[in-house]
Amino acid sequence: MAALDPHVRNRLLLALLTFDGFVVGLLSVAFAYQRFGGVALPVAALIGGLLNAVLLWLAAGYTSAPWRYAPLGAWGLVVVIAGGVPGPGGDVILSTSGNYLVQTLLLLVLGVGPAAVLGWTHRLPEADD
């Protein structure tokens, strides 16, 4: 079996990481309002943020182009569409009313925060383009 060209392999791995960002976004929205013992804790936001940072770190190892932010973009797209766009019955998964406002904001801030810090402080690995 012939080995894949390194550029093709890197593009495939970046596509898989982008799909992983999509899945992390779905899970972040699904568990955004999870309660433990009656107390709302931002566990989904914390885990989503850490996973987004890991995905960005891995993607930066495959490319130095702006495409390395594709997993984070996929996460954000899923959170905005799946969480903010009303469904057929008019209900929205992520709410900004009442007690849910803080949890929704924490999901957005903590979900993007660690990855944004990695990007802005230039602590991402260099790709072997």
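Residues numbered from 1 in each chain as written. Predicted model: local features only at pLDDT ≥ 70, side-chain atom pairs only at ≥ 80, totals over all residues. Heavy atoms only, no water.

The chain is annotated in an unreviewed UniProt entry as Facilitated glucose transporter from Gordonia westfalica.

1. Section: the overall build of the chain
Here is the rule: A run of DSSP states H or I qualifies as a helix once it reaches four residues; a run of E qualifies as a strand once it reaches two. Both are numbered from the N-terminal end. Relative accessibility decides the category of a residue: with a 1.4 Å probe and only protein chains considered, values under 20% of the type maximum give buried, values over 50% give exposed, and everything between is partly exposed. Throughout, a residue-residue contact means that at least one pair of heavy atoms, one from each residue, lies within 4.5 Å. For the accessible areas, the method is Shrake-Rupley and the probe is 1.4 Å, while residue cover comes only from the protein chains on display. Think of it this way: Lys and Arg go in the positive column, Asp and Glu in the negative one, and His and the chain ends go nowhere. Lys charges are placed at NZ, Arg charges at CZ, Asp charges at CG and Glu charges at CD.
Looking only at helices and strands, the chain features four helices and two strands. Reading the chain from its N end, one meets helices and strands in the order α-β-β-α-α-α. Projected onto the principal axes, the alpha-carbon positions of the chain cover approximately 55 × 35 × 25 Å. Across the 129 residues in the chain, those meeting the buried criterion constitute 32%. In the chain, once contacts between residues fewer than 6 apart in sequence are set aside, the share between residues at least 24 apart is 77%. Just so you have it, the chain exposes about 8000 Å², and 71% of that area is on carbon and sulfur atoms. Positive and negative side-chain charges of the chain, numbering 5 and 6 respectively, have mean locations separated by a distance of 7 Å.

2. Some words on the packing of helix 1 (residues 6-30) against helix 3 (residues 70-84)
Rules: Think of each axis as a best-fit line through the C-alpha atoms, taken over the contacting stretch in the case of a helix, with angles from 0 to 180 degrees between the N-to-C directions. Note on convention: near helix rotated counterclockwise from far helix by under a right angle means a left-handed crossing. Clockwise means right-handed. Throughout, the ten residues Ala, Val, Leu, Ile, Met, Phe, Trp, Tyr, Cys and Pro are labelled nonpolar, Asp, Glu, Lys and Arg are labelled charged, and all others, Gly among them, are labelled polar.
One can describe the packing of helix 1 onto helix 3 by two numbers: an axis separation of 7 Å at closest approach and a directional angle of 35°. Judged by the sense of rotation from one axis to the other, the crossing of helix 1 with helix 3 is right-handed. Only Ala70, Pro71, Ala74, Trp75, Val78, Val79, Ala82 and Gly83 of helix 3 make contact with helix 1, whose side of the interface consists of Leu17, Thr18, Gly21, Phe22, Val24, Gly25, Leu26, Ser28 and Val29. Across the contact of helix 1 with helix 3, the residue classes tally to 12 nonpolar, five polar and no charged.

3. Considering unusual backbone geometry
Phi angles above zero are rare outside glycine, and histidine 122 is one such case at about 55°. With respect to the helices, strands and loops of the structure, histidine 122 is situated in the segment after helix 4 (100-120). Judged by relative accessible area, which is 71%, histidine 122 ranks as exposed.

4. Examining the side chain of asparagine 10
Quick note on the threshold: Polar contact is the term for a pair of N or O atoms within 3.5 Å; when the atoms are in protein, one must be able to donate a hydrogen and the other to accept it, and sequence-neighboring residues count only if both atoms are side-chain atoms.
Positionally, asparagine 10 belongs in helix 1. Within the structure, asparagine 10 has its side chain in polar contact with the side chain of arginine 9 (distance 3.5 Å).

5. What to know about the packing of aromatic side chains
Put simply, the test is: Under the pairing criterion, centres of Phe, Tyr and Trp rings, with the six-membered ring standing for Trp, must be within 6.5 Å; the plane angle then separates stacked pairs below 30 degrees from edge-to-face pairs above 60, leaving the rest tilted.
Across all of its chains, the model carries two aromatic pairs by this definition. For the pair phenylalanine 19 and phenylalanine 22, a centre-to-centre distance of 6.3 Å together with 25° between the ring planes defines the contact as stacked. One end of the pair is phenylalanine 19 and the other is phenylalanine 22, both in helix 1 and three residues apart, which spans about a single turn. Note on phenylalanine 22: relative accessible area 38%, which makes it partly exposed. Seen from their ring centres, tyrosine 33 and tyrosine 100 are 4.6 Å apart, and the 50° between their planes marks the pair as tilted. Of this pair, tyrosine 33 sits in the loop between helix 1 and strand 1 (35-36) while tyrosine 100 sits in helix 4; the two residues are 67 residues apart in sequence, bridging distant segments of the chain. On the accessibility criterion, tyrosine 100 (37% relative accessible area) is partly exposed.

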